[in-house]
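Coordinate inspection notes
Residue strings, one per chain:
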Amino acid sequence: MKYFFLNISVLILLMGCSAKYQGIDQQYHSLLDRALTKAGDNRQDIEAALEDIPTEMKNGMAFLIAYMPERDLRTLSSAYLLENVQLAYQAKNEFLWGKSIPDSIFYNDVLPYALMNERRDDWRKDFYQRFAPIVKDCKSLEEAIQVINDTIIDIVEVKYSTEREKPDQSPYESIDQGLASCSGLSVLLADAFRAVGIPARLAGTPNWTLKEGNHNWNEVWVNGKWYFTEYYPSGLDKGWFLADAGAANTEDPKNWIYASSWKPAEHAFPLVWDYSIKYVHAHNVTDRYIKLWKKEQASHADQEGKVAVRIKMFKDKTCSLISNNRVESEITVSLDRKIIENGKTAGPLKDMNDILQFYLEEEKDYQITFMNDKGIPVTHTLEVEKEPMEVTLYHSEKPGKTHFPSK
């Protein structure tokens with residue numbers, strides 16, 4: 001009889017635990033226990049979010065809460081979490097691509113309301129209303145990604161600028177200013193993707209291997225693979241920074257390429273404005289970018305024996321660190337009076353590390369020509385050396401003979 005009552009007690013205890021998280025997979029139970037403890041005075045709101053979410057969405061809510069940063073567990077309301085999760089599921093069920101997204105990707109890269117340490121804006125309903133109409137007729141993830149990439153600048157009216165208030169801006173901090181860094185632009189784009197059920201995450205490096213500076217961009221999930229893109233698009237897995245990413249030093253974590261994750265991963269995403277923040281999780285995806293760059297190089301075998309020449313243009317010499325001082329200008333490169341290359345320098349809306357680049361034969365003299373701010377052509381002689389070169393031009397220059405490098 002004693003044995004019988006003992007088993008009944010154990011059964012009641014187990015049923016009590018099960019009822020506590022009814023409809024939620026066992027794998028989340030202990031994680032939720034810890035999360036609720038961290039929530040402190042906000043525990044009631046977190047519990048309400050778990051209890052009030054529809055049954056078919058409970059595991060999604062459990063995943064979100066299980067891995068929430070403590071700052072959010074202590075502050076976010078049940079209303080905020082409920083709307084976020086319900087709208088994410090609505091997008092998953094509404095758009096054709098939603099059915100192809102496995103729960104693991106949906107939970108980790110669509111459901112979350114944040115990418116890094118940005119302010120927690122209530123963006124999902126607004127962004128759904130902005131972007132759902134433009135992707136409603138899209139038949140694939142690729143098509144929807146391209147449409148959002150092509151239209152987001154016009155919809156949110158935010159441009160790149162080094163004069164933004166801070167690097168880690170939330171969507172509405174960027175929209176209110178009309179300005180954002182590469183990180184702020186990446187948050188905007190990822191939130192736009194997630195609002196319509198497209199898996200997206202933050203990617204970037206704290207420091208390039210071959211030059212100074214950091215950069216952040218986006219990755220999107222398409223049919224089982226991750227591809228990179230960014231706010232100013234050039235196509236999936238195509239971008240001005242691929243050569244720099246492909247040169248990443250695999251031996252030094254400060255030069256690695258990282259991809260963010262809501263669920264804990266092997267690393268913390270290095271936020272260069274505050275390295276003490278460790279709750280933004282990340283995977284090391286450096287090898288993938290190196291492989292992409294090697295593949296790109298293989299497709300341009302004719303570049304062997306050539307040297308990279310990077311060209312920047314500014315309005316004048318007053319400041320080369322402010323993005324608004326940069327000028328977009330058509331550059332032509334000639335050899336023996338024959339034009340062999342042309343392209344545009346990066347203007348004020350492009351990332352400061354986005355620089356026009358040509359591959360030219362070493363130890364030859366080229367002519368580079370552009371129109372100055374008076375509409376008069378200016379030509380310089382460029383002697384290509386054996387090492388990569390960087391040339392700075394000024395839109396206010398007057399016509400005259402200049403030799404790079406100086407003799």
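Residues numbered from 1 in each chain as written. Predicted model: local features only at pLDDT ≥ 70, side-chain atom pairs only at ≥ 80, totals over all residues. Heavy atoms only, no water.

Time to look at the packing of aromatic side chains. One pass over the structure, following the stated rule, counts 21 aromatic pairs. For the pair tyrosine 113 and tryptophan 262, a centre-to-centre distance of 5.1 Å together with 75° between the ring planes defines the contact as edge-to-face. Residue tyrosine 113 is found in the loop between helix H7 (103-109) and helix H8 (124-135), and its partner tryptophan 262 is found in the loop between strand S6 (258-261) and strand S7 (267-268); the two are separated by 149 residues along the sequence. For tyrosine 113, a relative accessible area of 2% gives the class buried. Considering the side-chain rings of phenylalanine 127 and tyrosine 172, the 6.2 Å spacing of their centres and the 90° angle between planes classify their relative orientation as edge-to-face. (Phe/Tyr/Trp six-rings, centres within 6.5 Å; stacked < 30°, edge-to-face > 60°. Helix = DSSP H or I, 4+ residues; strand = E, 2+ residues; numbered from the N terminus. Buried < 20%, exposed > 50% of the residue type's maximum accessible area, 1.4 Å probe, protein only.)

A few words on the packing of H8 against helix H9 (residues 141-156). Between H8 and H9, the least distance of the axes is 10 Å, while the angle of their chain directions is 135°. Classed by the angle they form, the pair H8 and H9 counts as oblique. For the pair H8 and H9, the crossing hand works out as right-handed. Across from Arg130, Phe131, Ile134 and Val135 in H8, the residues of H9 making contact are Ala144, Val147, Ile148, Thr151, Ile152, Ile155 and Val156. Taken together, the residues of the contact of H8 with H9 break down into nine nonpolar, one polar and one charged. (Axes fitted to C-alpha atoms, helices over the stretch in contact; angles between N-to-C directions. Parallel < 35°, antiparallel > 145°, perpendicular 65-115°, else oblique. Left-handed = near helix turned anticlockwise from the far one by under 90°. Contact = heavy atoms within 4.5 Å. Nonpolar A, V, L, I, M, F, W, Y, C, P; charged D, E, K, R; others polar.)

Quick look at the sheet that holds strand S12 (residues 356-361) now. On the basis of which strands lie adjacent, the open sheet formed by three strands has the order S12-S9-S15 and mixed pairing. Of all strands in the sheet, those bounded by a partner on one side alone are S12 and strand S15 (389-394). Neighbour-to-neighbour, the strand axes of this sheet turn through a mean angle of 30°, independent of strand direction. Across six bridges, strand S9 (residues 306-314) lies against S12 in antiparallel orientation. When the sheet's bridge partners are listed, valine 307 is paired in S12 with leucine 360. (Pairing = 2+ DSSP bridges.)

The strand order S5-S4-S3-S6-S8-S7 describes an open sheet built from six strands, whose pairing is antiparallel. With one partner strand each, in any of the chains shown, strand S5 (225-229) and S7 form the two edges of the open sheet. Bridge count for strand S3 (residues 200-205) against strand S4 (residues 215-222) is six bridges, and the pairing is antiparallel. The residue of S4 that forms the bridge with leucine 202 is asparagine 218. Of the strands in this sheet, S4 and S5 touch H9, which is tilted by about 150° from S4.

Here we take up unusual backbone geometry. The bulk of non-glycine residues show a negative phi, and the bulk of peptide bonds are trans. The phi torsion at glutamate 157 lies on the positive side, around 55°, for a residue other than glycine. Mapped onto the secondary structure, glutamate 157 falls in the loop between H9 and strand S1 (159-160). What makes glutamate 157 exposed here is its relative accessible area of 61%.

A word on the pattern of salt bridges. Enumeration according to the criterion identifies 19 salt bridges in this entry. Note that arginine 201 and glutamate 219 form a salt bridge whose closest N and O atoms lie 2.8 Å from each other. Taken as a pair, arginine 201 in strand S3 and glutamate 219 in strand S4 lie far apart in primary sequence, 18 residues in all. Of the two residues, arginine 201 and glutamate 219, neither departs from the other in class, the shared state being buried. Residue lysine 211 pairs with aspartate 244 through a salt bridge whose shortest N-O separation is 2.9 Å. Separated by 33 residues along the polypeptide, lysine 211 in the loop between S3 and S4 and aspartate 244 in helix H12 (residues 242-246) bring together distant segments of the chain. Of the two residues examined, lysine 211 and aspartate 244, each falls in the buried class. What you see here is one network of salt bridges that share partners, running through Arg71, Asp72, Glu118 and Arg120. (Salt bridge = Lys/Arg side-chain N within 4 Å of Asp/Glu carboxyl O.)

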